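So the chains spell out like this:
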Amino acid sequence: MEIDGNVALVTGGASGLGKATARYMSSRGAKVVIFDRDDTKAKEVANELGAGAVAVAGSILDEVETQAAVDAAATLGDLRMVFAIAGGATAASAGRTVSRNGTPLSLEGFSSTVELNLVGTFNTLRLGAAAMAKLDPANDDGERGVIVNTASIAGYEGQIGQVAYGSAKAGIIGMTLIAARDLASAGIRVNCIAPGTMGTEAWGLAPSEMRETLEAKVPFPRRFGKPEEFAALAEHLVTNRYLNGHVARLDGAIRFDPK
Ligand SMILES: NC(=O)c1ccc[n+]([C@@H]2O[C@H](COP(=O)([O-])OP(=O)(O)OC[C@H]3O[C@@H](n4cnc5c(N)ncnc54)[C@H](O)[C@@H]3O)[C@@H](O)[C@H]2O)c1
């Protein structure tokens, strides 16, 4: 799929990996909708990118707001790319299945994490794909669009205390192939990136000793991943037409230990 001249919807585009992806796709000629619940930061990114970038405030958990972001994309041109990046772990969801004092993990914390990451990603995917399916094919393969989901290596080897987040991201990993199969007849590919530890704003706030400990665990290169490296992989998952139903780890060969 061509990036230049097409429209990309980026959820979570106001920060971190989403912001880097919005910038990257814009620099390659895409028009970009930055969909994020943080209205102020989403507008800042849209202003930075200039003409052809639009901020839409809302939540991936809200059907109407997500549809509004898809509709905003359609006003810019052909929505051919959806980058479903919004998500993350919350403090409420962290903890062992049963704590050392015998308390089971909060069901609300577990559910809300699955809701944000797995249900929110599916909501984005289904509404984005429905809009893509109405477009004419863009090329001689009959391709109409590409969706890139965001999981985490915690979906493969979640650590102690990550049962909610890891389960949600494992769901996104599993959903990717099924959605690719579901959407094959519409000419829509679905891929996924499973990042390791990426150097986004949130990690910048962590104590330097903590960062250094985490970086030391990455075999090579011994550092956090750069958000631009995530965006570059997203670009490849879009432009290489034979990549479909694929989950790509982006992790410097790290495998999380149990803790
Ligand atoms: N940074 C990492 O090391 C890392 C590693 C593995 C996976 N990931 C995943 O990558 C994604 C992005 O992570 P990040 O580090 O860039 O996070 P971030 O917190 O910097 O950015 C996330 C963005 O998503 C937005 N958002 C959150 N909930 C939303 C909702 N319901 N609707 C719309 N927008 C919402 C936030 O406002 C924020 O702008 C997440 O899914 C995260 O789980 C990150």
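Summary of the structure given here.

Reading the values: the criteria
- Residues numbered from 1 in each chain as written.
- Predicted model: local features only at pLDDT ≥ 70, side-chain atom pairs only at ≥ 80, totals over all residues.
- Buried ≥ 20, exposed ≤ 12 C-beta atoms within 10 Å, placed from the backbone.
- Helix = DSSP H or I, 4+ residues; strand = E, 2+ residues; numbered from the N terminus.
- Pairing = 2+ DSSP bridges.
- Expected span 1.5 Å × (residues − 1).
- Bend = angle between axes of the 7 residues up to and from the residue.
- Contact = placed C-beta atoms within 7 Å.
- Axes fitted to C-alpha atoms, helices over the stretch in contact; angles between N-to-C directions.
- Near = placed C-beta within 6 Å.
- Nonpolar A, V, L, I, M, F, W, Y, C, P; charged D, E, K, R; others polar.
- Core = buried A, V, L, I, M, F, W, Y, C linked by C-beta atoms within 7 Å.
- Parallel < 35°, antiparallel > 145°, perpendicular 65-115°, else oblique.
- Left-handed = near helix turned anticlockwise from the far one by under 90°.
- Right-handed = clockwise from strand over helix to strand, strands pointing away.

### Re the pairing of strand S6 (residues 188-195)
- Of all eight residues making up S6, eight are buried, and the element is well covered by its neighbours.
- Where burial is concerned, the two faces of S6 agree: the one with Ile188, Val190, Cys192 and Ala194 and the one with Arg189, Asn191, Ile193 and Pro195 are both buried.
- Bridge analysis of strand S5 (residues 145-150) against S6 gives six bridges, and the strand direction is parallel. Residue pairing in the sheet places Asn149 in a bridge with Cys192 of S6.
- With four bridges joining them, S6 and strand S7 (residues 247-250) adopt parallel strand pairing. The partner of Ala194 across the bridge, within S7, is Arg249.

### Details of helix H6 (residues 163-183)
- Its 21 residues give H6 an end-to-end C-alpha distance of 30 Å, which sits within 8% of 30 Å, the value for a rise of 1.5 Å per residue.
- At Met175, H6 shows its largest kink, close to 30°.
- Buried residues in H6 make contact with helix H4 (107-133), S5, helix H5 (154-157), S6 and S7.

### As for the sheet that holds S7
- Read across the sheet, seven strands follow the order S3-S2-S1-S4-S5-S6-S7 without closing on themselves; strand pairing throughout is parallel. The open sheet is flanked by strand S3 (53-57) and S7, the only strands paired with a single partner. When the angles between neighbouring strand axes are averaged without regard to direction, this sheet yields 20°.
- Pairing of strand S1 (residues 7-11) with strand S4 (residues 79-84) involves five bridges; the strand directions are parallel. Considered in S4, the bridge of Ala8 is made with Met81.
- Most of the contacts of H6 go to S6, to which it runs at about 170°, and overall it touches S5, S6 and S7.

### Some points on the site of the ligand
- Inspection of the region around the ligand gives 27 residues, with Gly12, Ser15, Gly16, Gly87 and Ser152 positioned closest.
- When contributions to the shell around the ligand are tallied by element, the ones reaching two or more residues are helix H1 (16-27), H4 and helix H7 (201-204).
- It is H1 that provides the largest number of residues to the shell around the ligand, a total of three residues.
- Among the residues making up the shell around the ligand, the classes are represented as 10 nonpolar, 13 polar and four charged.

### Thoughts on unusual backbone geometry
- That bond from Phe220 to Pro221 is cis: its omega, -10°, falls within 30 degrees of zero.
- Following the sequence through the fold, Pro221 ends up in the loop between helix H8 (208-216) and helix H9 (227-239).

### A short note on the nonpolar core
- One finds Leu9, Val10, Val32, Val33, Ile34 and Val148 to be the most contacted residues of the largest nonpolar core, which totals 69 residues.
- When residues no more than four places from it in sequence are discounted, the contact partners of Val33 are Val7, Leu9, Val10, Val54, Val56, Ala69, Ala72, Ala73 and Leu76.

### Focus: H4
- Over its 27 residues, H4 runs 37 Å from end to end, which matches the ideal 39 Å to within 8%, given 1.5 Å per residue.
- The largest bend in H4 is about 35°, located at Glu115.

### As for the packing of H4 against H6
- Two numbers describe how H4 lies on H6: the axes approach to 9 Å, and their chain directions differ by 20°. Put simply, H4 runs roughly parallel to H6. Considering how the two elements wind past one another, H4 and H6 form a crossing that is right-handed. Across the interface between the two elements, Gly109, Phe110, Thr113, Val114, Asn117, Leu118, Thr121, Phe122, Leu125 and Ala129 from H4 touch Ala164, Tyr165, Ser167, Ala168, Lys169, Gly171, Ile172, Met175, Ala179 and Leu183 from H6.
- Of the residues in the contact of H4 with H6, the class split is 13 nonpolar, six polar and one charged.

### Focus on the packing of H1 against H9
- The N-to-C vectors of H1 and H9 enclose an angle of 55°; their axes lie 8 Å apart at closest approach. When the interaxial angle is binned, H1 and H9 end up oblique. Judged by the sense of rotation from one axis to the other, the crossing of H1 with H9 is right-handed. Where H1 approaches H9, its residues Gly16, Leu17, Ala20, Thr21 and Tyr24 are matched on the opposing element by Pro227, Glu228, Phe230, Ala231, Ala234 and Glu235.

### Section: the pairing of S3
- Across the five residues of S3, four count as buried, placing the element largely inside the fold.
- Following the backbone out of strand S2 (residues 31-36), through helix H2 (residues 39-49) and into the adjacent parallel S3, one traces a crossover that is right-handed.

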